[in-house]
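Residue-level structural notes
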Amino acid sequence: MIKTIQTTPFDDQKPGTSGLRKRTRVFMQPNYLENFVQSILLELKETGGNSLVIGGDGRYYNHKAIQTIIKMALANGIEHIHVAKNGLLSTPAASHFIRKYGISGGIILSASHNPGGIDEDFGIKFNTANGGPAPESVTNSIYYKTRNITHYLIADIPDIDMDSMGTAQVLQGTIHVFDGIYDYVQLMEALFDLARIKELLENGFSLRLDAMNAATGPYLKAIFQDRLNMGEETLLRCIPLEDFGGIHPDPNLKYAASLVKSVVEGHSASSPDFAAAFDGDGDRNMILGREIFVTPSDSLAILAANATLAPGYRAGLKGIARSMPTSQAADKVAEQLGIPCFETPTGWKFFGNLLDADLVTLCGEESFGTGSNHVREKDGVWAALFWLNILAVTRKSVKELVQGHWRRFGRNYYSRHDYEAVDTSLAQAFMKRSEELLPSLNGNTVFGLAVKTTDNFSYVDPVDHSMTQRQGIRIVFEDGSRVVFRPSGTGTQGVTIRLYLERYETPHGNLSLHTQEAVQALVNWTEHVFDLRKSLHKTAPDVIT
Ligand code: G16
């Protein structure tokens, strides 16, 4: 019943910022998925694991991959295999399930916000027993195994029925098909005052939530339709589709442009008071209010400043963590609250130790990620509920809340310019040349911008003291503004170079500039000093958020 299949290594199975992401057809080639899964399962077994959660964001190839993983987990002697009904499980819900039931780890099939389909992207993430993305020590060990693999094990059994809940004994293991929605909704009910939110909504406050044809649809229905009695018109694109309806399930200004247009730019009396969109696997969020887009960095800072208004955070915050490229808006709040603010490399996995050691309560990233110690992942639906809870208590509009925040802490104008699918050798040469230039910039003033410090960011984890180096080129100016750039770790074609621009204005400065106008001097400075566009053979960024 258990087959041993001979295989040879693939040389491109090094996990990136968040698991292994490739074109779907790469995963579909013989043994590709199996090699990676076998390496994960060996890692799980070596660390004493005997239970596993499996689920995904519903994209093309999910079902087939889940069946393969179940059969391989059984063959590798995993005793308890928990499979989400229909295979659908958002990333934060997976994290919660692992933590709540003490499961040894989880495999989440998702390429996050990347498009889905046979000619698009697929991905596989491994989360450890704390519910968070595997740290680098674990992903490096998995990668090492993929380099040395000679065979994998798979049970020769028919496919498992994933469409109905229940428990079945198969070979030496037990397969539990569970409801991927229920536990997560219970957690949200414990953290937020849903009755107060309901009262707000019953009093004419209007809402629009966009699941972008991806994993959050069923969660939004369970919370906003079943518990908060909201009508269907408030929930957009809530049926998960294998190809996300042909869109990028990426909640940002480019890929959720129609929502942005109807709420922010072309707002009218019928525009909702609050809107949010979520990505493929439900961990990212974009927050909008009538006439205002809330940058993810500001969202983190505003949630932190108002956290005690939500029941789950009444006791206050231990600390805040943000990824290095995320704006320093949260630092200002931490300073006023008298709590620490940690700066980590990009990747949610770097927050895990800080959360486990209870050093921080809230975390956030500029890449539309916000979360807390309730799970070990960023969490889109949680962020929307947190905002609604604060709005329900303060009875302010989103715009009033954001502008009031700026008047108190100052405004960190912020924008990210992405240069996508750059030729790998061009991108590498550009990063190398830029790093070499750094020492000559210190103390120099160009275009009126005085450079204070420069580095290629490195991080020492305060808990386990592991060191992560060269995480992005960072130029800090005397006025607190910053230019940062780094290669993305989640792209699947060539290299994406991300340029992060941040300019700080004090509470008494000009708080109402257009963002691109506010950061233009930093763009000019970057072009002058690093010749970025020419070096990358680009004339303009591909995406601006
Ligand atoms: C992943 C990680 C995030 C990271 C983002 C962007 O998000 O979980 O921590 O900020 O990628 O990473 P990069 O700039 O390297 O592309 P997701 O939602 O794609 O899993």
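Residues numbered from 1 in each chain as written. Predicted model: local features only at pLDDT ≥ 70, side-chain atom pairs only at ≥ 80, totals over all residues. Heavy atoms only, no water.

Comments concerning the overall build of the protein
In terms of helices and strands, the protein carries 17 helices and 27 strands. Radius of gyration (C-alpha) of the protein: 23 Å, near the 24 Å computed for a compact globule of 545 residues. Dimensions of the protein, computed from the C-alpha atoms along their principal axes, are close to 70 × 60 × 40 Å. When the 545 residues of the protein are sorted by exposure, 59% land in the buried category. Contacts in the protein between residues at least 24 apart in sequence constitute 72% of all its contacts with a sequence separation of at least 6. Carbon and sulfur atoms make up 49% of the accessible area of the protein, which totals about 20,300 Å². Treating the 52 positive side-chain charges of the protein as one cloud and the 61 negative ones as another, the clouds have centres 2 Å apart. (Helix = DSSP H or I, 4+ residues; strand = E, 2+ residues; numbered from the N terminus. Rg over C-alpha atoms; globule rule 2.2 N^0.38 Å. Buried < 20%, exposed > 50% of the residue type's maximum accessible area, 1.4 Å probe, protein only. Contact = heavy atoms within 4.5 Å. Areas by Shrake-Rupley, 256 points an atom, 1.4 Å probe, with all protein chains shown as cover. Lys, Arg positive; Asp, Glu negative; His and termini not counted. Charge placed at Lys NZ, Arg CZ, Asp CG, Glu CD.)

Notes on the sheet that holds strand S14 (residues 292–294)
Sheet architecture is open: five strands sit in the order S11-S10-S12-S13-S14, paired in mixed fashion. If you trace the sheet from one side to the other, it starts and ends with strand S11 (235–236) and S14, each paired once. Strand contacts of helix H9 (residues 257–265): strand S10 (207–210), S11, strand S12 (274–278), strand S13 (285–289) and S14, with the helix running at about 25 degrees to S13, the strand carrying the most contacts. (Pairing = 2+ DSSP bridges. Axes fitted to C-alpha atoms, helices over the stretch in contact; angles between N-to-C directions.)

Here's the deal with the site of the ligand
Every one of the 19 residues lining the ligand counts as a neighbour, but Glu365, Arg486, Gly489, Thr490 and Arg498 are closest to it. Here an oxygen atom of the ligand and a side-chain polar atom of Ser112 are 2.7 Å apart. Calculation on the ligand without its partners gives an accessible area of 460 Å², and the protein chains cover 99% of this total. When grouped by side-chain class, the residues that make up the shell around the ligand number one nonpolar, ten polar and eight charged. (Near = heavy atom within 4 Å. Polar contact = N/O pair within 3.5 Å; in protein donor to acceptor, adjacent residues only side chain to side chain. Nonpolar A, V, L, I, M, F, W, Y, C, P; charged D, E, K, R; others polar.)

Remarks on helix H7 (residues 194–202)
In an α-helix, one turn spans 3.6 residues; hence positions three or four apart end up facing the same way. Of the residues making up H7, those classed as buried are Leu194, Ile197, Leu200 and Leu201. Axial view of H7: buried residues confined to an arc of 115 degrees, hence all on one face. Exposed residues lying more than 90 degrees from the buried face of H7 are Ala195 and Glu202. Structurally, H7 contributes buried residues whose contacts are with helix H6 (182–191), S10 and helix H13 (380–394). Downstream of H7 by a residue or two, Gly204 has a phi angle that is positive, lying close to 90 degrees. (Arc of directions from axis to C-beta.)

Examining the packing of helix H2 (residues 32–46) against helix H3 (residues 62–75)
Put simply, H2 and H3 touch, their axes get as near as 10 Å, and they point 45 degrees apart. The angle between the axes of H2 and H3 places the two elements in the oblique class. Crossing handedness for the pair H2 and H3: right-handed. Along the contact surface, H2 presents Leu33, Glu34, Val37, Gln38 and Leu41, while H3 presents Ala65, Thr68, Ile69, Met72 and Ala73. The class makeup of the residues in the contact of H2 with H3 is seven nonpolar, two polar and one charged. (Parallel < 35°, antiparallel > 145°, perpendicular 65-115°, else oblique. Left-handed = near helix turned anticlockwise from the far one by under 90°.)

Regarding the domain arrangement of the protein
We note that the domain assignment places domain 1 (2–180), domain 2 (184–409) and domain 3 (412–544) within the protein. Using C-alpha coordinates to define each centre, domain 1 is positioned 35 Å away from domain 3. Taken together, the contact between domain 1 and domain 3 spans eight residues of the former and six residues of the latter. Carbon and sulfur atoms supply 44% of the area that domain 1 and domain 3 bury against each other, a total of about 550 Å² over both sides. (Domains from an automatic or database assignment. Buried area = accessible area lost by both parts, 1.4 Å probe.)

So, the sheet that holds strand S18 (residues 369–372)
Overall, mixed pairing links the four strands, which are arranged S16-S15-S17-S18 in an open sheet. If you trace the sheet from one side to the other, it starts and ends with strand S16 (341–344) and S18, each paired once. Across the sheet, the axes of successive neighbouring strands diverge by a mean angle of 15 degrees, strand direction being ignored. As paired elements, strand S15 (residues 320–323) and strand S17 (residues 362–365) share three bridges and run parallel to each other. Directly across from Arg322, in S17, lies its bridge partner Gly364. Along the sheet, H13 contacts S17 and S18; its crossing angle with S18, the most-contacted strand, is approximately 80 degrees.

Some remarks on the side chain of Thr454
Mapped onto the fold, Thr454 is located in strand S21 (residues 449–456). Given the relative accessible area of 16%, Thr454 is considered buried. Engagement of the side chain of Thr454 in a polar contact is seen with the side chain of Asn442, the distance being 3.0 Å. For Thr454, the residues in contact, after removing those within four places along its chain, are Leu438, Leu441, Asn442, Arg474 and Ile475.

Observations regarding the nonpolar core
Membership of the largest hydrophobic core comes to 74 residues, with the highest contact counts inside it found for Phe192, Phe224, Phe274, Trp382, Phe386 and Trp387. Counting residues per element, this core draws most heavily on H13, which supplies eleven residues. Shared between two domains, this core holds at least three residues of each, these being domain 1 (2–180) and domain 2 (184–409). Excluding residues that lie within four positions of it along the chain, Phe192 makes contacts with Ala310, Pro311, Tyr313, Trp382, Leu385, Phe386 and Asn389. Core analysis: the second largest hydrophobic core is formed by 41 residues, Phe27, Phe36, Ile54 and Ile142 among them. (Core = buried A, V, L, I, M, F, W, Y, C linked by side-chain atoms within 4.5 Å.)

Topic: unusual backbone geometry
The phi dihedral of Asn229 is positive, around 55 degrees, even though this residue is not glycine. Among the structural elements, Asn229 can be located in the loop between helix H8 (217–227) and S11. Exposure remark for Asn229: the relative accessible area of 53% places this residue in the exposed category. Despite not being glycine, His537 has its phi angle at roughly 55 degrees, a positive value. Structurally, the position occupied by His537 is in the loop between helix H17 (532–535) and strand S27 (543–544).

Focus on the environment of Phe409
Topologically, Phe409 is positioned in helix H14 (residues 398–409). Residue classification places Phe409 among the buried residues on the basis of a relative accessible area of 5%. Each C-alpha atom, one on Phe409 and one on Val185, is 34 Å from the other, the two residues being 224 residues apart in sequence. The residues contacting Phe409, other than those within four sequence positions of it, are Ala305, Lys332, Val333, Gln336, Tyr504 and Pro507.

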